[in-house]
Amino acid sequence: MGEELRAEDRLQLAQWHLGRADGLRLGLVNRAGTLLSANALVITGVVFASGAPSSDVSPVIGAAALVALAVSAYSAAQVASVLTGSRGLPALSRSVGSPVPIAFSYRDTVRAFDTPEEFQTRFSAQTAQEAANSAVLELWRCISIHQLRARKMQRATQSLLVGATALVAMTAARLITDLV
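To start, this report covers the structure provided alongside it.

1. Digging into helix α1 (residues 7-50)
Argument step 1. Compared with the 64 Å implied by 1.5 Å per residue over 44 residues, the 63 Å span of α1 between its first and last C-alpha is a close match.
Argument step 2. Following α1 by one or two positions, G51 has its phi on the positive side, about 70°.

Put into structure tokens, the structure is as follows:
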């Protein structure tokens, strides 16, 4: 059996993983921007292909347009929730009475200390063990939140594909009706 990591080593390992988690979060943000742009293209394509300025849109084209717009709106809402953060996650909240993960969880740190002096005193007094425990707790939160956001991005991507497919079907129907 291997030897247990010292608190300093666990802290360093957790900090490395937190840095990696930041990279994963930035990757999700970049993909979210791409999905928003693609949704904008689908919506623009729907307006263009439906001939929205004219009042005689066939029911088939109208239904396809409605599907494309609805799933694109759903996709954009999923992406927006990824960009604005995960709210209402009680399972990820710090347990009542558990130590504040000082400087690792900004939200908890700001709530726990009223003055910079109070924060500085407590920050300086924490042990390597306490810092390592705080880092590990924040790492767990980051991993959990990333998982939730990744699922939302997956749903957003699937919705975008449905919207793009509806746009293609609508455009084909429009071309066929224009030829006939």
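Still more ground to cover, so stick around.
2. Digging into the pattern of salt bridges
Between side chains of opposite charge, a pair can form as their charged atoms come close.
Argument step 1. Summed over all chains, the structure comprises five salt bridges.
Argument step 2. The partner of R25 in a salt bridge is D22, with the nearest N and O atoms 3.9 Å apart. Here D22 and R25 lie together in helix α1, a separation of three residues that amounts to about one turn.
Argument step 3. Accessibility expressed as a relative area gives 36% for R25, which makes it partly exposed.
Argument step 4. Residue E138 pairs with R141 through a salt bridge whose shortest N-O separation is 3.4 Å. Note that E138 and R141 are positioned in helix α5 (residues 128-179) at a spacing of three residues, about one turn of the helix. Here E138 matches R141 in class, with each residue buried.
Argument step 5. By sharing partners, the salt bridges in this structure join D108, E138 and R141 into a single network.

Rules used in this analysis
Per chain, the residues get numbers from 1 upward, laid out in the order the sequence is written. At least 70 in pLDDT is required for a residue's local features to be given in this predicted model, at least 80 for side-chain atom pairs to be given and counted, and no such filter applies to totals for whole chains, interfaces and linings, which use all residues. Side-chain measures here rest on the full set of heavy atoms in the structure, leaving out hydrogens and waters. Each helix is a run of DSSP H or I of at least 4 residues and each strand a run of E of at least 2, with the numbering of both proceeding from the N terminus. The span expected for a helix works out to 1.5 Å for each residue beyond the first. The working definition used for a salt bridge is a side-chain nitrogen of Lys or Arg within 4 Å of a carboxyl oxygen of Asp or Glu. Categorising residues by exposure relies on relative accessible area from a 1.4 Å probe, with only protein chains included: less than 20% of the type maximum marks a residue as buried, more than 50% marks it as exposed, and the intermediate range marks it as partly exposed.

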